[in-house]
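Chain and residue survey
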Number of protein chains: 2
Amino acid sequence: MNTTTSKKTKAALVTEKLNQLVGKENVFSVLEDRICYSYDGSKQKYVPDVVVRPRSTHHVSAILQLAHENEIPVYPRGAGSGLTGGAVPVKGGIVLDFTPMNHIVEIRPEDLTATVEPGVVTQTLQSEVAKYKLFYPPDPASAPFSTIGGNVAECSGGITGLKYGVTRDYVLSLQVVLADGSVIHTGRKTLKSVTGYDLTRLFVGSEGTLGVFTQITVKLLPLPEKIETLLVFFATTQDAIQSANQIILNNLLPRALEFIDKSSITCIQGYKQEIQIPDEVDALLLIDIDGRETSVKAEASLVKEIVRKNNAIRVTSAENAQERDALWEVRRAISPALYNIAPYKINEDICVPRSRILEILERIDGIHKRYPSLKVASFGHIGDGNIHVNVMYDKGDQQKALAERMIEEILSNTVEVGGTISGEHGIGNVKSAFLPLEIPPRELEIMKNIKHLLDPKGILNPGKIFLE
Amino acid sequence: MNTTTSKKTKAALVTEKLNQLVGKENVFSVLEDRICYSYDGSKQKYVPDVVVRPRSTHHVSAILQLAHENEIPVYPRGAGSGLTGGAVPVKGGIVLDFTPMNHIVEIRPEDLTATVEPGVVTQTLQSEVAKYKLFYPPDPASAPFSTIGGNVAECSGGITGLKYGVTRDYVLSLQVVLADGSVIHTGRKTLKSVTGYDLTRLFVGSEGTLGVFTQITVKLLPLPEKIETLLVFFATTQDAIQSANQIILNNLLPRALEFIDKSSITCIQGYKQEIQIPDEVDALLLIDIDGRETSVKAEASLVKEIVRKNNAIRVTSAENAQERDALWEVRRAISPALYNIAPYKINEDICVPRSRILEILERIDGIHKRYPSLKVASFGHIGDGNIHVNVMYDKGDQQKALAERMIEEILSNTVEVGGTISGEHGIGNVKSAFLPLEIPPRELEIMKNIKHLLDPKGILNPGKIFLE
């Protein structure tokens, strides 16, 4: 009883101190508020002890100093849209809600850079820079709601990865608050810099376990003049994959090159009847081509030629925003549609060398045969080898255990063919048990040592990446 | 005397052991051989105790294990073309000459990757992948002789940085031998991967101080269909810089956007009389535009329009390889030409946000007024803000000291305007005294701790990056 009391007293004291540090209006300790921060896109539930909404780097620094002194876990959180549990407070403690720190500090067209606070929604960044005809290329499916801070923490990818790379390729400089509250700066706001070790990219993708970002400077590109979208129907998966390969072997680099399999198509049709796809269609490719108007035209006709040679059943193309949007509706409908066939879903994001895509899909089919009660649908960024394999299952512990066993087999097979267990979602606590499948002991040890170096008390997003 | 004897005996024993490990034919201990490895592009001279030419990862591992046990410094070396002393054996010990490990392990067009040994010359990599219509974009001036291992160690930049980024943006995966001889693998040979911390980019740019690469997998792009080169004459520096800014503000991203100042022009004319540049020309821009044929045409005419609006005196364009080469001769002639006006030269590679280029050039002019006996010439990658400022001086310690003082002022001013003291050459031992100008104490401490973590005995390229 004494322990509980002293724990309660300590919690009360910490809340009191937090009130002083950042103002009562930014500290939330009643249960109803805390429950809102107990889950994220991974659908787990861990209720934090307190939620704080910092308004400045100074706030973040003060909070971390307090947390460090008292060894309280801290979980930075953006929109909570992450799929591997990056934002769930698995060990209680303080959730830092960055949504109020959503200012675009500056956009510098001449320098091709933008500096933003971590709570800026990714799509807001994209549309704000577009006003200057500038382009922030990383485009995760979550862009309409996820924040740039979360994107940097997870090193988000998305549909533009093949042509434009991922978040890490665009981060030039970070302001980071370390575990003890000290504020550091990494990199420079210049397009090149090689002074000392690359701390910037050590923090990118570190999932909130090494430091907390309070300012992010990204590199921008000129906004492409034109985008054309092609939706292509195929009678076989082989034809679709062969087409994707031929596109790349013909020296084309589409802005997006997405694949949708038969199971996904079936789900979409059950979910949105207005999307009409003939029965004989077994696979789709959805392709965005961008650039100067003249080159988009040339490349689109090359792509059409290639897919026709590879037995495309139908090619629909769209050039204006509204028509393009309609074609992309097919892709957007998948995730909600999958819930129509089973109430639970595990969404993986394996990535393999492109030449191994057909092999991994065949292996997954083979594995599936041994789990007949589960449903599987695969779709995603075939252009960069990053496939979202979804395993759907019914209610019940047995079904869940089966799904998890099947996922483990898929991940092992992915590593066997030279792939990675996470192309863009990160590890979080959802995949930490699988990390050793890919990362050997010595490499894991180096990573853990770096973690210990930067966060010796282990207060930053504990329970993530590494299995304890 | 005893110490000397025992040191000699130890050296002899180590050489004997090296002979056993990698074969006598790969170990060089006579002075004449060792002198060849005593210098690099930084023109310092430190003679190593022994030079070893490893032929395999196994060799490198065995050598490092031996060095680790005996606490002998090890210096990985490619072509020795680095400009900041990365390859000079400042504390004696073993130079590892990677030039025999120059095999292209595989080129995978479908995966858009190539895997190579570190001793492959960068231009060889470029031309080998070009046979598959593929493109390795980083293009340092040293590409015809520097090795990819050195490029990765220094995170080389070059003329394509504005449009295509730098070496770090292309490295997917590394095989690394650690200080104790253990072999690790970082990253995956996939276009996306976010499993654990980004060890790959921790090693890229670490200048041989954290580990020794034995295999490198890079990402490739499709080879651009066409390149057009424009050489533009301006009567004032302002017009040239204004033109460069306008090009970027008009949504254009040239493959190369190079600036050459009046001093450089004067030097070139003294050096190569066949290059004819009218007297009234005070600045040049050399511009490469690449992409699909149709878009190159469109963009080149836009660029011509912009430079004419900004008072260009003359625009010469070239589309075929031979003519383009002739225009680039102007740029290539600068470095040798600079030695014509003074026997010694310090070549800096500051990088500033593009909007601060004119300001930094003006500041450098101002500083120069206080060092009238020195000559200054500036040229370089204006597109990404990376300017090579060259300070030339005559023989004598006093002149050298003056040049070094002037350089320090230039570097301080660079940091003041938000720039970096090294855009692409690295720190080595040449700039380690200046590193604290840019990197604050806490950030430096983190870097040193990482160094200690991976190389606790400090045997890997000691004396580089950090001032001791």
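Residues numbered from 1 in each chain as written. Chains lettered and ligands numbered in written order. Predicted model: local features only at pLDDT ≥ 70, side-chain atom pairs only at ≥ 80, totals over all residues. Heavy atoms only, no water.

Under an unreviewed UniProt entry, the name given to chain A is FAD-binding PCMH-type domain-containing protein, and the organism recorded is Candidatus Brocadia sapporoensis. In UniProt, chain A has this text filed under Sequence similarities (unreviewed entry): "Belongs to the FAD-binding oxidoreductase/transferase type 4 family." (UniProt positions renumbered as here; feature names shortened; annotations may be inferred.)

The number of helices and strands found in chain A is 15 helices and 19 strands. Against the compact-globule benchmark of 23 Å for 468 residues, chain A has a radius of gyration of 23 Å, which places it among compact chains. Overall, the C-alpha framework of chain A stretches about 75 × 60 × 45 Å when taken along its three principal axes. Across the 468 residues of chain A, 62% fall into the buried class. Counting only carbon and sulfur atoms, one obtains 50% of the accessible surface of chain A, whose full area is about 17,400 Å². (Helix = DSSP H or I, 4+ residues; strand = E, 2+ residues; numbered from the N terminus. Rg over C-alpha atoms; globule rule 2.2 N^0.38 Å. Buried < 20%, exposed > 50% of the residue type's maximum accessible area, 1.4 Å probe, protein only. Areas by Shrake-Rupley, 256 points an atom, 1.4 Å probe, with all protein chains shown as cover.)

Bringing the interface of chain A and chain B into the picture now. With 89 residues of chain A at the contact, the number on the chain B side is 89 residues. At the boundary of chain A with chain B, total buried surface from both sides reaches about 7,400 Å², with 60% on carbon and sulfur atoms. Summed over the three residues of chain A that lose the most area to chain B, namely A:K192, A:V194 and A:Y197, the buried surface amounts to 14% of that side. At the boundary of chain A with chain B, the tally comes to 12 salt bridges. Note that A:E424 is salt-bridged to B:K192, the shortest N-O span being 3.0 Å. (Contact = heavy atoms within 4.5 Å. Buried area = accessible area lost by both parts, 1.4 Å probe. Salt bridge = Lys/Arg side-chain N within 4 Å of Asp/Glu carboxyl O.)

The relation between the two copies of this chain is a rotation about an axis and a shift parallel to it. Once chain A has been moved 0.0 Å along the axis and rotated by 180°, it coincides with chain B to within an RMSD of 0.0 Å. As the rotation angle and translation indicate, the two copies are arranged about a two-fold axis. A high fraction, 100%, of the interface residues of chain A reappear at the interface in chain B, so the copies pair face to face through one surface. (Least-squares fit on C-alpha atoms with pLDDT ≥ 70 in both.)

The next subject is the pattern of salt bridges. All names here are of chain A. Scanning all chains against the criterion turns up 61 salt bridges over all chains. Residue E409 pairs with R370 through a salt bridge whose shortest N-O separation is 2.9 Å. Highlighted residues: E409 in helix α13 (residues 397-416) and R370 in the loop between α12 (357-369) and β18 (375-381), separated in sequence by 39 residues. The exposure class assigned to R370 is exposed, which follows from its relative accessible area of 51%. Taken together, the shared-partner salt bridges in this structure form one network comprising K272, D325, E329 and R332.

The residues that UniProt annotates with the feature "domain: FAD-binding PCMH-type" (unreviewed entry) are residues 44-223 of chain A. The span residues 44-223 of chain A shows a helical share of 22% and a strand share of 24%, and its end C-alpha atoms are spaced 38 Å apart.

Right, let's talk about the sheet that holds strand β10 (residues 212-219) of chain A for a bit. Backbone-to-backbone hydrogen bonds pair the strands of a sheet. The strands run either parallel or antiparallel. Residue and element names in this part refer to chain A. Reading across from one edge, β5-β6-β10-β8-β9 is the order of the 5 strands in this open sheet, with antiparallel pairing throughout. Pairing within the sheet leaves two strands with one partner each, and these edge strands are β5 (104-108) and β9 (183-187). Taking each pair of neighbouring strands and ignoring which way they run, the sheet shows an average axis angle of 10°. By the bridge criterion, 4 bridges tie strand β6 (residues 113-116) to β10 in an arrangement that is antiparallel. (Pairing = 2+ DSSP bridges. Axes fitted to C-alpha atoms, helices over the stretch in contact; angles between N-to-C directions.)

Now for the sheet that holds strand β12 (residues 226-234) of chain B. Residue and element names in this part refer to chain B. Reading across the sheet, the 7 strands line up as β15-β12-β14-β13-β17-β18-β16 and stay open at both edges, with antiparallel pairing between neighbours. A single partner strand is all that each edge strand has here, and the edge strands are β15 (314-318) and β16 (344-351). For this sheet, the mean angle separating the axes of adjacent strands, direction not counted, is 15°. Sheet topology places strand β13 (residues 256-261) next to strand β17 (residues 375-381); 2 bridges connect them, and they run antiparallel. Bridge pairing in β17 links F259 to G380. The strands that helix α9 (residues 262-271) touches are β13, β14 (283-291) and β17; relative to β13, the one it contacts most, it runs at about 80°. Together, β12, β14 and β15 form the strand contacts of helix α10 (residues 293-309), whose direction differs from that of β12 by roughly 5°.

What follows deals with the domain arrangement of chain A. Partitioning chain A into domains gives domain 1 (2-97), domain 2 (104-222) and domain 3 (226-416). The distance between the C-alpha centroids of domain 1 of chain A and domain 3 of chain A comes to 39 Å. (Domains from an automatic or database assignment.)

In this section: the packing of aromatic side chains. Summed over the entire model, instances satisfying the criterion amount to 8 aromatic pairs over all chains. An angle of 80° between the planes, with centres 5.5 Å apart, marks the rings of A:Y197 and B:F466 as edge-to-face. Of this pair, A:Y197 sits in the loop between β9 and α7 (199-203) while B:F466 sits in the segment after α15 (441-454), placing the two residues on different chains. Measuring from ring centre to ring centre gives 6.1 Å for B:Y136 and B:Y170, while their planes differ by 75°; the resulting arrangement is edge-to-face. Residue B:Y136 is found in the loop between β7 (134-135) and α5 (148-154), and its partner B:Y170 is found in the loop between α6 (161-164) and β8 (171-177); the two are separated by 34 residues along the sequence. Here the two residues B:Y136 and B:Y170 agree in accessibility, since each one is buried. It is A:K219 that lies over the ring of A:Y170; its NZ or CZ is 5.8 Å from the centre. (Phe/Tyr/Trp six-rings, centres within 6.5 Å; stacked < 30°, edge-to-face > 60°. Lys NZ or Arg CZ within 6 Å of the ring centre and 35° of its normal.)

This part covers unusual backbone geometry. All names here are of chain A. Not every positive phi belongs to a glycine, and N461 is a case in point at roughly 45°. Structurally, N461 is set in the segment after α15 (441-454). The phi angle at I465 is positive, at roughly 65°, despite the residue not being glycine. Mapping I465 onto the fold places it in the segment after α15. Here I465 falls in the buried class, since its relative accessible area comes to 0%.

Core analysis: the biggest nonpolar cluster contains 189 residues, and A:F203, A:L285, B:F203 and B:L285 have the highest contact counts within it. Among residues more than four places away in sequence, those in contact with B:F203 are B:V152, B:L174, B:V176, B:L178, B:I184, B:T186, B:L210, B:G211, B:F213 and B:L454. (Core = buried A, V, L, I, M, F, W, Y, C linked by side-chain atoms within 4.5 Å.)

Residues and elements named next belong to chain A. Among the 8 residues of strand β19 (residues 386-393), 8 are classified as buried, and the element is accordingly described as predominantly covered. Burial along β19 is two-sided: the face carrying N386, H388, N390 and M392 and the face carrying I387, V389, V391 and Y393 are both buried. In terms of strand pairing, strand β16 (residues 344-347) meets β19 through 4 bridges, oriented antiparallel. Bridged to K345 within β19 is M392. Bridge count for strand β17 (residues 350-351) against β19 is 2 bridges, and the pairing is antiparallel. Within β19, the position partnered with C351 by the bridge is N386. Relative to β19, β18 runs antiparallel, the two sharing 7 bridges. Residue pairing across strands places A377 opposite N390, the latter belonging to β19.

Before going further, it helps to examine the environment of B:L21. All names here are of chain B. Following the sequence through the fold, L21 ends up in helix α1 (residues 2-22). Overall, the relative accessible area of 27% leaves L21 in the partly exposed class. Here the alpha-carbon distance between L21 and I63, two residues 42 residues apart in the chain, equals 7.3 Å.

What follows is about the packing of helix α8 (residues 237-249) of chain A against helix α10 (residues 293-309) of chain A. Residue and element names in this part refer to chain A. Put simply, α8 and α10 touch, their axes get as near as 9 Å, and they point 140° apart. In this view, α8 runs oblique relative to α10, as classed from their interaxial angle. Of the two elements, α8 crosses α10, and the hand of that crossing is right-handed. The residues of α10 that touch α8, namely those facing S243, Q246 and I247, are V303, I306 and V307. (Parallel < 35°, antiparallel > 145°, perpendicular 65-115°, else oblique. Left-handed = near helix turned anticlockwise from the far one by under 90°.)

Glancing now at the packing of helix α12 (residues 357-369) of chain B against helix α13 (residues 397-416) of chain B. Residue and element names in this part refer to chain B. Two elements in contact, α12 and α13, have axes whose closest approach is 10 Å; the angle formed by their N-to-C orientations is 150°. Considering their axes alone, α12 and α13 lie roughly antiparallel with respect to each other. In terms of crossing hand, the pair formed by α12 and α13 is right-handed. Only M406, E409, I410, N413, T414 and E416 of α13 make contact with α12, whose side of the interface consists of I360, R363, I364, I367 and H368.

Moving on, we get to a nonpolar patch on the surface. Residue and element names in this part refer to chain A. On the surface, a cluster of nonpolar side chains totalling about 200 Å² of accessible area is made up of L31, I35 and V47. If you trace the backbone, L31 turns up in helix α2 (residues 31-35). Relative accessible area serves as the criterion here: at 44%, L31 is assigned to the partly exposed category. (Patch = residues over 30% accessible without salt bridge, like charges linked within 9 Å, V, L, I, M, F, W, Y side chains within 5 Å.)

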